[in-house]
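Architecture and fold: a report
For reference, the chains in residue letters:
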2 protein chains.
Amino acid sequence: MRAVVIHGPRDIRVEDRPDPTLHAPGDAIVRVVAACVCGSDLWPYRGVRPTADPHPIGHEFVGVVEAVGDGVTSVSAGDFVVAPWAVSCGVCPQCLNGVQVACDRRASWGGTDDLGFPVDGGQGERVRVPMADGTLVPVAGVTDPDEPLLKSLLTLSDVMGTGHHAALAARVGPGRSVVVVGDGAVGLCGILAARRLGAERIIAMSRHTDRAELARRFGATDVVAERGKAAAAAVRGLLGGVLADSALECVGTSESMDQALRCVRPGGSLGFVGVPAGGAELPIGVLFSKNIAVAGGAASTRAYLPELLEDVLAGSIAPGLVFDAVMPLEDAAKAYAAMDERRAIKVMLRPSGEAR
Amino acid sequence: MRAVVIHGPRDIRVEDRPDPTLHAPGDAIVRVVAACVCGSDLWPYRGVRPTADPHPIGHEFVGVVEAVGDGVTSVSAGDFVVAPWAVSCGVCPQCLNGVQVACDRRASWGGTDDLGFPVDGGQGERVRVPMADGTLVPVAGVTDPDEPLLKSLLTLSDVMGTGHHAALAARVGPGRSVVVVGDGAVGLCGILAARRLGAERIIAMSRHTDRAELARRFGATDVVAERGKAAAAAVRGLLGGVLADSALECVGTSESMDQALRCVRPGGSLGFVGVPAGGAELPIGVLFSKNIAVAGGAASTRAYLPELLEDVLAGSIAPGLVFDAVMPLEDAAKAYAAMDERRAIKVMLRPSGEAR
């Protein structure tokens, strides 16, 4: 099969890889219908995070189950499934607490599972899914989704669930005012999640016309282009002299964390989901004196999948709009470059058998 | 009048000070019936926090209103009142949000109010209370509380409300398991608060027999003497292989914060109320990967006072047991030394007119 392999900074190749086979009774083989590039894939792409050895990459995909091991009960061949960005068993205390990202048997796409078997990357034609019952979510009644639905289903793998996690962590709810720092796919999904949770005022922070437009479409009531202290002043101006009840930090740099903290009122809440990659810190003195609650981290999108899937199927949210480009899998290198250069918000990749 | 003045490290003096008078229409004059020494008073006492100039000290007191300004409507002469540890207006957006410690007009006992008038310290015979309507809470039906009730009322000024804040910040509730780091008055009140909020398992961390005994009386189901990694292992042992849902950090040092974080399960919550004085830090990488929510800070005890007062008056909680020593105000220096040397958990001070 064909699959994407990262060799080092800016070195993305599509290569022949062995077709996956079932190794354990809990395994499933999924034929990938669509995958995508994540903002966090750009960290190794840019060399911010080192790539020690070449390895398959990609942790967001949807597809059709081709085969399952004897122990699999929740999905079967032919099912259309969404794979969350992390593999989880579904039965350990962490999974039962809804914190699948801390699963005792957690594995990552493109890595190795706890039994020592390699796990395929999501950016490829096929993937062996360990612990399929704990990991995959079947999409009832759907076998061949049209492109808009396909895109929305694909966001449930990561970005929509991550935006929702940020909003929950920031205690967004009816009547609350919310600032969203970050206009990438996660930030945009955070806006959509905040609207879904009933936020009254949603202030998007963006300097890009196309992203700001999508932010408004997703529910942003205001867009602020300022940064740092000026951004906080703009928020105060919009909210009649007070700061926001909640802020979503969806970038992961020290600047974005600082900006998000500045925008939260005393006693407010900050939800952070940007992978800390730029020296982001939590200043304990500020949190103490302002009583700002901080929560978030890696999102257990598996936990949110059933609930968000229902809304996607009902058509009440359309997070797939974050995909502004679709490319064949063979063009993966171009997809990375487009996202790196911010020419695209998010790129969907289609294996050749699926391209239209 | 007589009042305590701090001159520098280990230099606590009881001096003659001018009797306070009404300066603003919102002022009240309170005759102090009981005051006390706070763990945070020990920071300047130990020189950890510098004392630039001698100033009155003490931020926890209860007493009887002697006079009120024309603008005061919620208390009147003769009322027995509890003063929270911070002065607040009660009407600004922060106060209305229940975050009185961030009041737009906040003032501190022993400092200066926003009008520029000096504010007396709580460790003295009398105190001018600015913004009395926003600050003081009258105790209906009580004029001359007996000593056990007096002690419990006095804890509502700070430590009981602060322990409650820690428990709320750590999302303590029915069925939750809780670790409490710190066996001072705040930590002990945190245990009492956790029990009051319905926690199922409360693990106190203590190496002192008397404090551990009080911890059990307040509701601790287990006491752990280990520290650091060994403490986390002990918690895991007690909870059947998992870590705690919640941890209360009630000290403020880097060691205590580290210990509290080690004891929380993925997706759990940490409430911190220890004034950060020892380089305590929040490691963003750990919070991100373990999804640990952090909240807390300076407690708006004014917000919790009505609710906790009701329980004290009903006799369902008796936080006053944290006071294991009572001294006349004139012995304030001895009270500081006793707490500094951990010979006392918490010392109540009685002005001479009130001593028995």
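Going along each chain's sequence as written, the residues are numbered from 1 onward. Labels follow written order: the first chain is A, the first ligand is 1, and so on. Local features are withheld for residues below a pLDDT of 70 in this predicted model, meaning they are given only at 70 or higher, and side-chain atom pairs are given and counted only at 80 or more; totals for whole chains, interfaces and linings count all residues. No hydrogens and no water enter the side-chain calculation; it runs on all heavy atoms of the structure.

Topic: the overall build of chain A
Working definition: helices are DSSP H or I runs of at least four residues, strands are E runs of at least two. Numbering for both runs from the N terminus. Across its full length, chain A holds twelve helices and 16 strands. On C-alpha atoms alone, chain A measures out to a radius of gyration of 20 Å, which is about the 21 Å that the 2.2 N^0.38 rule sets for 356 residues. By its C-alpha atoms, chain A is 60 × 40 × 35 Å across when sized along the principal axes. The contact criterion used is simple: two residues touch if any of their non-hydrogen atoms lie within 4.5 Å. For chain A, long-range pairs separated by at least 24 residues make up 68% of all intrachain contacts whose partners lie at least 6 apart in sequence. Throughout, the radius of gyration refers to the C-alpha atoms, and the reference size of a globule is 2.2 Å times the residue count to the power 0.38.

Remarks on the UniProt feature "domain: Alcohol dehydrogenase-like N-terminal" (unreviewed entry) in chain A
UniProt positions are given in the numbering used here, feature names are shortened, and annotations may be inferred rather than shown by experiment. UniProt's feature table lists "domain: Alcohol dehydrogenase-like N-terminal" (unreviewed entry) at residues 25–133 of chain A, given in the numbering used throughout. Its end C-alpha atoms 11 Å apart, residues 25–133 of chain A is made of 10% helix and 25% strand.

Describing the relation of the copies chain A and chain B
Expressed as a screw transformation, the operator carrying chain A onto chain B has a rotation angle of 180° and an axial translation of 0.0 Å, and the superposed copies differ by an RMSD of 0.0 Å. Both copies of the chain, as the preceding transformation shows, are related through a two-fold rotation axis. The C-alpha atom lying nearest the rotation axis in chain A is that of V294 of chain A; the distance is 2.6 Å. Of the interface residues in chain A, 100% have counterparts in chain B that sit at the interface too, so the contact is made through matching surfaces. In superposing the copies, a least-squares fit is computed on C-alpha atoms, taking residues whose pLDDT is at least 70 in both.

Comments concerning helix α11 (residues 301–314) of chain B
One turn of the α-helix equals 3.6 residues, which is why residues spaced by three or four share an orientation. All names here are of chain B. To estimate the expected span of a helix, count its residues, drop one, and scale the result by 1.5 Å. When the terminal C-alpha atoms of α11 are compared, their 19 Å separation across 14 residues agrees well with the 20 Å that a helix rising 1.5 Å per residue should span. Here the bend at a residue is taken as the angle between two axes, fitted respectively to the seven residues that end there and the seven that start there. By the largest-angle criterion, E307 marks the main kink of α11, which is about 35°. Burial classes follow relative accessibility: with a 1.4 Å probe on protein chains only, a residue under 20% of its type's maximum area counts as buried, one over 50% as exposed, and anything between as partly exposed. Among the residues of α11, those classed as buried are T301, R302, Y304, L305, L308, L309, D311 and V312. Where α11 terminates, the next one or two residues include G315, which has phi positive at roughly 80°.

Considering the nonpolar core
Only buried residues count toward a nonpolar core, which is a set of Ala, Val, Leu, Ile, Met, Phe, Trp, Tyr and Cys residues joined through side-chain atoms within 4.5 Å. The biggest cluster of nonpolar side chains holds 66 residues, and the ones touching the most others in it are V179, V235 and L270 of chain A together with V179, V235 and L270 of chain B. Not counting residues up to four positions away in its chain, the partners in contact with V235 of chain A are V179, I203, M205, V242, L243, A244 and C263 of chain A.

Side note on the packing of helix α4 (residues 147–155) of chain A against helix α11 (residues 301–314) of chain A
All names here are of chain A. An axis is simply a line fitted to the C-alpha atoms; with a helix, the fit covers only the stretch in contact. Between two such axes, the angle follows the N-to-C directions and lies from 0 to 180 degrees. At their nearest, the axes of α4 and α11 sit 10 Å apart, and the two run at 165° to each other. One way to sum up the angle between α4 and α11 is to call them roughly antiparallel. As α4 runs across α11, the sense of the crossing is right-handed. Taken together, the residues of α11 that come into contact with α4 (itself represented by L149, S152 and L153) are L309, V312 and L313. Three classes are used: nonpolar for Ala, Val, Leu, Ile, Met, Phe, Trp, Tyr, Cys and Pro, charged for Asp, Glu, Lys and Arg, and polar for all others, with Gly counted as polar. Considering only residue class, the contact of α4 with α11 consists of five nonpolar, one polar and no charged. Here roughly perpendicular refers to angles of 65 to 115 degrees, roughly parallel to angles under 35, roughly antiparallel to angles over 145, and oblique to all remaining angles. Should the near helix be turned anticlockwise from the far one by less than a right angle, the crossing is termed left-handed; should it be turned clockwise, right-handed.

A few points about the interface of chain A and chain B
A common way to report how large an interface is uses the accessible area buried once the components associate. At the junction of the two partners, chain A supplies 32 residues and chain B supplies 32 residues. For the chain A and chain B pair, buried surface summed over both sides reaches about 2500 Å², with 67% attributable to carbon and sulfur atoms. Values labelled buried area give the accessible surface lost by two parts on being combined, using a 1.4 Å probe and summing over both. Contact with chain B buries area across many residues of chain A, yet I284, F288 and N291 of chain A alone supply 28% of it, more than any other trio. A carboxyl oxygen of Asp or Glu within 4 Å of a side-chain nitrogen of Lys or Arg is what we treat as a salt bridge. Taken together, chain A and chain B are joined by zero salt bridges. Counting of polar contacts relies on pairs of N or O atoms within 3.5 Å, with two restrictions inside protein: one atom must be capable of donating a hydrogen and the other of accepting it, and residues adjacent in sequence are counted only when both atoms are side-chain atoms. Viewed at the interface, chain B and chain A are joined by seven residue pairs in polar contact (both at pLDDT 80 or more). Among the elements of the structure, α2 (93–96), β13 (264–272), α10 (284–290) and β14 (293–296) of chain A are those that each provide at least two residues to the side of chain A that touches chain B. For the side of chain A that touches chain B, a count of residues per class yields 21 nonpolar, eight polar and three charged.

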